[in-house]
Amino acid sequence: MGSWLMLLVVLSFVFAILGFAAVLYYFLAQAFHSKEALVIDTPEEALERKI
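Keep in mind that this is a model prediction, so the values were computed, not measured.

Another aspect to go through is the overall build of the chain. In terms of regular secondary structure, the chain is built from three helices and zero strands. Ordering the α and β elements of the chain from the N terminus gives α-α-α. Carbon and sulfur atoms form 76% of the exposed surface of the chain, whose accessible area is close to 5,400 Å².

Turning next to the packing of aromatic side chains. Following the criterion strictly, the structure yields one aromatic pair and no others. An angle of 70° between the planes, with centres 5.3 Å apart, marks the rings of Tyr26 and Phe27 as edge-to-face. Given a relative accessible area of 48%, Tyr26 falls into the partly exposed group. A residue is classified by how much of its surface remains accessible, and Phe27, at 53% relative accessible area, is exposed.

So, on to a nonpolar patch on the surface. Together, Leu5, Leu8, Val9 and Phe13 make up a nonpolar patch on the protein surface, roughly 410 Å² of accessible area in all. With respect to the element layout, Val9 can be found in helix α1 (residues 2-31).

Let us now look at the UniProt feature "transmembrane region" (unreviewed entry) in the chain. Sequence positions flagged by UniProt for "transmembrane region" (unreviewed entry) are, in local numbering, residues 6-28. Counted over residues 6-28, helix gives 100% and strand 0%. Its end C-alpha atoms are 33 Å apart.

Reading the values: the criteria
- Residues numbered from 1 in each chain as written.
- Predicted model: local features only at pLDDT ≥ 70, side-chain atom pairs only at ≥ 80, totals over all residues.
- Heavy atoms only, no water.
- Helix = DSSP H or I, 4+ residues; strand = E, 2+ residues; numbered from the N terminus.
- Areas by Shrake-Rupley, 256 points an atom, 1.4 Å probe, with all protein chains shown as cover.
- Phe/Tyr/Trp six-rings, centres within 6.5 Å; stacked < 30°, edge-to-face > 60°.
- Buried < 20%, exposed > 50% of the residue type's maximum accessible area, 1.4 Å probe, protein only.
- Patch = residues over 30% accessible without salt bridge, like charges linked within 9 Å, V, L, I, M, F, W, Y side chains within 5 Å.
- Salt bridge = Lys/Arg side-chain N within 4 Å of Asp/Glu carboxyl O.
- UniProt positions renumbered as here; feature names shortened; annotations may be inferred.

Here it is, written out as structure tokens:
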């Protein structure tokens, strides 16, 4: 019984850590658009771009 409970606790911690990482990744991906970061603008295009 003890080993099953320990396995359940370990799996719940792993699930919680992966869930937190997924939420953190989602919000960081929304904050920093990686596709636009790869585009190099001229100064004129940078001034015309809406933020």
